[in-house]
Amino acid sequence: MSIQIQENTIAFIGLGIMGLPIARRMRGSFERVNGYDVSPESRASAARASIAATGSIADTVRDAQVVFMMLPKVEIARVVTQEVVAHAARGTILVELGTIGSDAACQHAKWAQEAGMGYVDAPVINGGQQGAEAGTLKILAGGDASHIATIEPALRTFSTETFHMGAVGTGQSMKLLHNTLLAALATCYAEALVLADHSGIGAVRAHEILKGSSARSFALEWLMGPAVRGDFSGGAKVDILNKDLLLGQREVERFKAPCGMAGRATTLYQACQAHGYGGLDMSAILKLLTEHPEL
């Protein structure tokens, strides 16, 4: 049976591009949200949003009933989780919103369980920063159903739907499946649009035709629409995607799944990074293949 989240019991660690808008939306529904980030600038931005920015993880989680974490790297998530487990009270539920892979999620859940705490891996999809700001993200949750039911009111402040995937780690697996598929789709679309340019059709015209064809998709419109006009500034950055693709390769190895298309996408996105496109949107795969057709 789930318990109700009380006021003044939510902590949020990681107030970056995704974390801050999510914490801000939580603050709109809960009287107090404690927040922490290693960056003084991020803490200052949180304070301006009426989030109680504290000076340490220990202070942030001491009285928390639920601790949300949105951290950029697996290594950072590991260190932060250990510190949260050391300072939070028994019965606290830890919620990992970042993408860290199923192995790490299972390890973090073990630490939480040993300390008498709950753990939910709950990575997000559906729109990145814009989705966080609009409250339209979707949650891929792995963990105990009662823990997910407890945190559901907080999840609803920044998302529209929660998918309970199964045990801890399955949320991470689904997120990595999603991002690997998205990268493979982007790669296929980029190859097709480069072919359109080479054949004299033109990428812009081909894109317009494909949008109304059986090959249409959200990825085609959302990613490649701006890209065919030279705009690579919109969505998930190549640097972040590469982290997820490498985690996805670990999932492939762990579960012995086929990975031909995923492997091709991973190789090309690593080439994007090597050519200096790491700070661009993932649609930069089109720029890469246009400028380096030999790949």
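For the structure itself, consult the block above.
Since the model is a prediction, treat every value here as computed from it, not as a measurement. (Residues numbered from 1 in each chain as written. Predicted model: local features only at pLDDT ≥ 70, side-chain atom pairs only at ≥ 80, totals over all residues. Heavy atoms only, no water.)

A. Structural detail: the pattern of salt bridges. According to the stated counting rule, one finds 10 salt bridges in the structure shown. The partner of D59 in a salt bridge is R62, and the shortest N-O contact between them spans 2.9 Å. With relative accessibility at 40%, the residue D59 sits in the partly exposed group. The residue E191 makes a salt bridge to R264 at a minimum N-O spacing of 2.9 Å. One end of the pair, E191, is in helix α8 (residues 170–198); the other, R264, is in helix α12 (residues 260–274), and 73 residues separate them in sequence. Exposure remark for E191: the relative accessible area of 34% places this residue in the partly exposed category. Put simply, E208, K211 and R229 are held in one network by salt bridges that share partners. (Salt bridge = Lys/Arg side-chain N within 4 Å of Asp/Glu carboxyl O. Buried < 20%, exposed > 50% of the residue type's maximum accessible area, 1.4 Å probe, protein only. Helix = DSSP H or I, 4+ residues; strand = E, 2+ residues; numbered from the N terminus.)

B. Representation of the pairing of strand β4 (residues 66–69) within the structure. Across the two faces of β4 the burial is the same, with V66 and F68 and V67 and M69 all buried. Alignment of strand β1 (residues 10–13) against β4, held across 4 bridges, turns out to be parallel. The residue bridging A11 from the neighbouring strand is V67, located in β4. In this sheet, strand β5 (residues 93–96) lies alongside β4 in parallel orientation, the contact comprising 4 bridges. Directly across from V67, in β5, lies its bridge partner L94. As for the winding sense of the linkage, the β-α-β connection from β4 through helix α4 (residues 74–87) to β5 is right-handed. (Pairing = 2+ DSSP bridges. Right-handed = clockwise from strand over helix to strand, strands pointing away.)

C. Seen up close, the packing of α8 against helix α9 (residues 203–211). The interhelical angle for the contact between α8 and α9, taken along N-to-C directions, is 130 degrees, at an axis separation of 8 Å. When the axis of α8 is compared with that of α9, the two are oblique. The interaxial crossing formed by α8 with α9 has right-handed handedness. Facing α8, whose interface residues are L193, A196 and D197, α9 presents A203, A206, H207 and L210. Partitioning the contact of α8 with α9 into residue classes produces 5 nonpolar, 1 polar and 1 charged. (Axes fitted to C-alpha atoms, helices over the stretch in contact; angles between N-to-C directions. Parallel < 35°, antiparallel > 145°, perpendicular 65-115°, else oblique. Left-handed = near helix turned anticlockwise from the far one by under 90°. Contact = heavy atoms within 4.5 Å. Nonpolar A, V, L, I, M, F, W, Y, C, P; charged D, E, K, R; others polar.)

D. Region of interest: the environment of K175. Mapping K175 onto the fold places it in helix α8. Sequence separation between K175 and I139 is 36 residues; the distance between their C-alpha atoms is 9.3 Å. Contacts of K175, omitting those with residues within four sequence positions, involve T99, P123, V124, I125 and L140.

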